[in-house]
Amino acid sequence: MIVTDTAEKIKSMEIRGAGRIARAAAEALKDHALSIQSPDIVAFRQEMDRAAAILVATRPTAVSLPNAVHMVMNGIGQGKNVEEARTGVVERAEHFIQSSQHAARKIAEFGARHIRDGDKILTHCNSEVALGCIIEAHRSGKDIEVFATEVRPRNQGHITIRTLNDAGIKTNFIVDSAVRSFINKIDLVVVGADAVTVNGAVVNKIGTSQVAHTAVEARVNVLVAAETYKFAPRTVIGELIQIEERPGNEVLPDAIAKTLPHVTVRNPAFDITPAEYIDLIVTEQGAIPPQMAYVIIREYLGWGIEEFHKDLVLNNGHEE
Ligand code: RUB
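On a predicted model such as this, the values are computed, not experimentally measured, just so you know.

**Here's the deal with the packing of helix 5 (residues 82–112) against helix 6 (residues 128–139)**
Two numbers describe a pair of packed helices, the interaxial angle and the distance between the axes. Orientation of helix 5 relative to helix 6, taken along the N-to-C sense of each, is 55°, at an axis distance of 7 Å. One element, helix 5, and the other, helix 6, form an angle in the oblique class. Helix-helix and strand crossings are classified by hand; for helix 5 and helix 6 the assignment is right-handed. Residue-level inspection shows Ala-104, Ile-107, Ala-108, Glu-109, Gly-111 and Ala-112 of helix 5 in contact with helix 6, the latter providing Val-129, Gly-132, Cys-133, Glu-136 and Ala-137.

**What about a nonpolar patch on the surface?**
A cluster of nonpolar side chains, Ile-256, Leu-260 and Val-263, forms an exposed patch at the surface whose accessible area comes to about 230 Å². Tracing the backbone shows Val-263 in the loop between helix 10 (254–257) and strand 8 (270–273).

**Some points on the pattern of salt bridges**
Any two side chains of opposite charge can pair, given that their charged atoms come close. Summed over all chains, the structure comprises 20 salt bridges. Between Glu-128 and Arg-23 there is a salt bridge; the shortest N-O distance is 2.9 Å. On the criterion of sequence distance, the pair formed by Glu-128 in helix 6 and Arg-23 in helix 2 (residues 18–35) is long-range, its members being 105 residues apart. Two residues, Lys-106 and Glu-109, come together in a salt bridge whose shortest N-O distance is 3.3 Å. Of the two residues, Lys-106 and Glu-109 both sit in helix 5, three residues apart, roughly one turn of that helix. Linked by salt bridges that have partners in common, Arg-59, Arg-154, Glu-244, Arg-246 and Glu-250 make up one network.

**A word on the sheet that holds strand 10 (residues 286–288)**
Within a beta sheet, neighbouring strands are joined by backbone hydrogen bonds and run either parallel or antiparallel to one another. Here seven strands make up an open sheet; going across it, the order is 3-2-1-4-7-9-10 and the pairing mixed. Two strands in the sheet have a free side with no partner beyond their single neighbour: strand 3 (170–174) and strand 10. For this sheet the average axis-to-axis angle between neighbouring strands, irrespective of direction, equals 25°. Here two bridges tie strand 1 (residues 120–123) to strand 4 (residues 188–191), and the two strands are oriented parallel to one another. Within the sheet, the bridge partner assigned to Leu-122 lies in strand 4 and is Val-189.

**Structural notes on unusual backbone geometry**
The omega torsion across Arg-152 and Pro-153 is 0°, close enough to zero to call that bond cis. Counting through the fold element by element, Pro-153 comes out in the loop between strand 2 (145–149) and helix 7 (156–166). Although it is not a glycine, Met-13 sits at a positive phi angle of roughly 70°. Mapped onto the elements of the fold, Met-13 is located in the loop between helix 1 (2–11) and helix 2. By relative accessible area, which is 8% here, Met-13 ends up buried. For Val-151, which is not glycine, the phi torsion reads 70° and is therefore positive. Residue position: Val-151 is located in the loop between strand 2 and helix 7.

**Digging into helix 5**
Here helix 5 is 31 residues long and its end C-alpha atoms lie 45 Å apart, about the 45 Å a rise of 1.5 Å per residue gives. Backbone nitrogen of Glu-83 and a side-chain oxygen of the N-cap are separated by 3.2 Å at the start of helix 5; the cap is Asn-81.

**Some remarks on the site of the ligand**
Arg-16, Ser-127, Asn-204, Lys-205 and Lys-230 are the nearest of the 18 residues found near the ligand. In this structure, an oxygen atom belonging to the ligand sits 3.0 Å away from a main-chain N or O atom of Gly-17. Val-129 places a polar main-chain atom, nitrogen or oxygen, 3.4 Å from an oxygen atom of the ligand. Its free accessible area being 460 Å², the ligand has 100% of it covered by the protein chains. When contributions to the shell around the ligand are tallied by element, the ones reaching two or more residues are helix 2, helix 6 and strand 6 (202–205). Broken down by class, the residue content of the shell around the ligand amounts to six nonpolar, six polar and six charged. Both of domain 1 (2–105) and domain 2 (113–306) provide at least three residues apiece to the shell around the ligand.

Each value, and the rule that gives it
Think of each chain on its own: its residues are numbered from 1, step by step along the sequence as written. Whole-chain, interface and lining totals are the exception, using all residues; otherwise, since this is a predicted model, local features are given only for residues with pLDDT of at least 70 and side-chain atom pairs are given and counted only at 80 or more. Side-chain descriptors were evaluated using all non-hydrogen atoms of the structure, hydrogens and water having been removed beforehand. Fitted lines through C-alpha atoms serve as axes, helices being fitted only where they are in contact, and the angles separating the N-to-C directions of these axes extend from 0 to 180 degrees. In this text, helices come from DSSP runs of H or I with a minimum length of four residues, and strands from runs of E with a minimum of two, each type numbered from the N-terminal end. Each angle receives one of four descriptions, namely roughly parallel if under 35 degrees, roughly antiparallel if over 145, roughly perpendicular if within 65 to 115, and oblique otherwise. Note: crossing handedness is left-handed where the near helix turns anticlockwise from the far helix by less than a right angle, and right-handed where it turns clockwise. For this analysis, residues touch if any pair of their heavy atoms sits within 4.5 Å. Like-charged residues within 9 Å of one another, or nonpolar side chains (Val, Leu, Ile, Met, Phe, Trp, Tyr) within 5 Å, are grouped into patches, provided each residue has over 30% relative accessible area and no salt bridge. A 1.4 Å probe and the Shrake-Rupley method give the accessible areas. Residues count as covered only by the protein chains that appear here. Salt bridges are identified by distance alone: a Lys or Arg side-chain nitrogen within 4 Å of an Asp or Glu carboxyl oxygen. DSSP bridges decide pairing: two strands pair if at least two such bridges lie between them. A 1.4 Å probe rolled over the protein chains alone gives each residue an accessible area, and that area as a share of the maximum for its type sets the label: buried under 20%, exposed over 50%, partly exposed in between. Expected helix span is computed as 1.5 Å times (number of residues minus one). For the purposes of these results, a polar contact is taken to be a pair of N or O atoms within 3.5 Å, where, inside protein, one atom must be able to donate a hydrogen and its partner to accept one; residues adjacent in sequence count only when each atom of the pair is a side-chain atom. Residues are classed as near a molecule or strand on a simple rule: at least one heavy atom within 4 Å of it. Gly falls in the polar group here, along with every residue not listed as nonpolar (Ala, Val, Leu, Ile, Met, Phe, Trp, Tyr, Cys, Pro) or charged (Asp, Glu, Lys, Arg). The split into domains, and so the bounds of each, comes from an automatic or database assignment of domains.

Pasting the structure below:
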């Protein structure tokens, strides 16, 4: 089944990166809607809800995933019959995928303008939109050089250096712990995001907050590239972003770990960079200071506190 297949690929990180995960989930919901045979609208909705829940449960941190699922599923209740409901899901999924691709192009265009001729840029992990900004700056004729980290334990830096190399960009590959040794050569840090909270904090690959802290200490600007669907509406009502902790054997082989009974391997996949370490967040709606995250949640995701109130009423079964 396409949904379990996509879910497995997201869990195992064959599909990874917040934007790609979101588009894969939208595509899986669309294919699932097209494959349901039952003519019963209640059964159709239940089956779609089940698929949505499987996808959302795959990785807990990237808010793009529940946001994409919400956008595709929102309105499924309005379809009077299966054909109407199915058409709605397909249209919303296609719309989400197209607008995600459009957002990536806009962010590249806006972000590239913050990169100057001669800049040395440091990036961490493998972010499609962060790399989009860097590649666009190079394409527009700016002479730039990149420092890319390794990104232990899953080595996303290897994907990053291949992409930069293929774009013909002069790139230095460094281990994660070498960031402070090179920071005085750097003009700008450019990273992506898995989530942006209402107070402008950015959740991204583990190590991002150390990179940003080092940059701030060295007076180097930090630019975050993030589509609006990476902003986390539920942080408005106090929900915290869950930081995924992955298996210890990604860090230390089981054969070694089992010889060390007093050692616990900890493997958080993401960390939180506070708003004060970030200069700008570049979205497809333009660049904003991180402190304006609430405006994005309110204006572009369109989820006001009223919607959460509805959710709370539903969950609690009564209205205050
Ligand atoms: C990926 C990661 C990326 C963001 C943004 O983590 O932290 O920086 O997801 O990526 P993982 P993009 O490899 O664990 O999924 O800009 O491509 O959405």
